[in-house]
Amino acid sequence: MSYFERALIVIMLVGALAGLAGVLVVLRKRVLFAQALTHATFPGAVIATILGASLQIGALIACVSLAIILSFLSRIRGQGTQAASGVMLTAGFAAGVLLQAMNPSIPIQIDSFLFGSILSATWVDGLVAGVALLAVIATLLIWGKQIVFFLFDPEAFAATGAKPWLMDAALLLITTLAVVAAMPAAGAILAIALIAAPAAAARYFTDKITVMFWLSPTLGALAGLSGLLLSRWLGVSAGASIS
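If you're wondering where the values come from, they're calculated on a predicted model, not measured in any experiment.

Structural notes on the overall build of the protein
Within the protein one finds ten helices and zero strands. Computed over C-alpha atoms, the radius of gyration of the protein comes to 18 Å, within 12% of the 18 Å expected from 2.2 N^0.38 for 243 residues, which places it in the range of a compact globule. Dimensions of the protein, computed from C-alpha atoms along their principal axes, come out at roughly 55 × 40 × 25 Å. Counting the 243 residues in the protein, one finds 47% classified as buried. Contacts spanning at least 24 positions in sequence make up 74% of the contacts within the protein whose residues lie at least 6 apart. Approximately 11,800 Å² of the protein is accessible, and the part contributed by carbon and sulfur atoms is 70%. Charged side chains of the protein number 11 positive and 7 negative; the gap between the two group centres comes to 7 Å.

Rendered as structure tokens:
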């Protein structure tokens with residue numbers, strides 16, 4: 001199998017995963033939060049490269065750390081999740097730039113981080129995306145009703161005696177899985193594009209969440225497939241074409 005055929009498989013898995021997670025992100029109105037996560041993976045990737053560790057492990061640690069910081073910042077009086085996400089989006093990316101400047105020998109370039117390198121994607125990237133996709137599907141099959149209840153009426157959900165923070169934690173985990181799985185091949189800009197755009201499009205076409213759950217990942221996979229093919233035919237950047 002050629003590198004291009006492998007890239008097609010990987011980007012379709014990433015697109016499906018991002019599209020599925022994107023439904024939850026869009027309905028919860030956490031797109032800016034997801035974008036902050038994508039940019040916060042940059043310092044994690046730099047640190048992981050310096051230590052000789054996996055890029056995904058560094059991105060995962062960075063995402064979890066950012067989520068914890070965001071949870072505290074959003075509780076500050078007069079602030080909220082959107083303001084905290086905006087602050088951490090720029091702060092996280094700036095931290096990555098500073099770390100890279102302090103370690104100029106590390107093989108991470110800002111442009112490759114932003115747009116990814118889907119054509120150099122490995123089977124490991126595809127395996128991570130595939131396992132993450134199966135994990136998200138399993139989560140929705142087991143706790144889908146509770147998650148949907150929480151998304152549409154969090155106050156009523158809390159009134160039943162349930163714990164909203166558990167649902168928030170589940171949504172955070174799903175978003176983190178999508179971001180971390182997409183980062184090596186897709187980059188920050190492509191990752192947030194695949195998370196937000198297919199879900200927003202699916203929401204435009206239907207108001208039934210069950211339809212959104214299959215339409216959004218389908219659109220995400222098709223966007224990855226068509227964008228990658230288009231980039232080859234036109235000789236342009238794969239990441240930018242898919243975005």
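From this point, the narrative continues.
So, the packing of helix 1 (residues 3-27) against helix 8 (residues 164-205)
Running from amino to carboxyl end, helix 1 crosses helix 8 at an angle of 60 degrees, the nearest separation of the two axes being 5 Å. As summarised for this structure, helix 1 and helix 8 are arranged oblique, according to the angle between their axes. Note that helix 1 runs across helix 8; the crossing there is right-handed. Across the contact of helix 1 with helix 8, the residue classes tally to 26 nonpolar, four polar and one charged.

Side note on helix 1
Here helix 1 contains 25 residues, and its C-alpha end-to-end distance of 36 Å stays within 8% of the 36 Å for a straight helix at 1.5 Å per residue. The sharpest bend along helix 1 measures roughly 25 degrees and falls at Ala21. Immediately downstream of helix 1, the backbone of Lys29 shows phi near 60 degrees, a positive value.

Here's the deal with helix 2 (residues 31-51)
With 21 residues, helix 2 ought to run about 30 Å at 1.5 Å a step, and its terminal C-alpha atoms sit 31 Å apart, in line with that. Immediately beyond the C-terminal end of helix 2, within one or two residues, lies Gly52, with a positive phi of roughly 75 degrees.

Considering the environment of Ala132
Structurally, the position occupied by Ala132 is in helix 6 (residues 123-152). The spatial distance from the C-alpha of Ala132 to the C-alpha of Ala94 is 28 Å, given a sequence separation of 38 residues. Discounting chain neighbours no more than four positions away, the residues touching Ala132 are Leu17, Leu177 and Ala181.

Rules and cut-offs
Residues numbered from 1 in each chain as written. Predicted model: local features only at pLDDT ≥ 70, side-chain atom pairs only at ≥ 80, totals over all residues. Heavy atoms only, no water. Helix = DSSP H or I, 4+ residues; strand = E, 2+ residues; numbered from the N terminus. Rg over C-alpha atoms; globule rule 2.2 N^0.38 Å. Buried < 20%, exposed > 50% of the residue type's maximum accessible area, 1.4 Å probe, protein only. Contact = heavy atoms within 4.5 Å. Areas by Shrake-Rupley, 256 points an atom, 1.4 Å probe, with all protein chains shown as cover. Lys, Arg positive; Asp, Glu negative; His and termini not counted. Charge placed at Lys NZ, Arg CZ, Asp CG, Glu CD. Axes fitted to C-alpha atoms, helices over the stretch in contact; angles between N-to-C directions. Parallel < 35°, antiparallel > 145°, perpendicular 65-115°, else oblique. Left-handed = near helix turned anticlockwise from the far one by under 90°. Nonpolar A, V, L, I, M, F, W, Y, C, P; charged D, E, K, R; others polar. Expected span 1.5 Å × (residues − 1). Bend = angle between axes of the 7 residues up to and from the residue.

Keep in mind that these numbers describe shape and distance, not what the molecule does.
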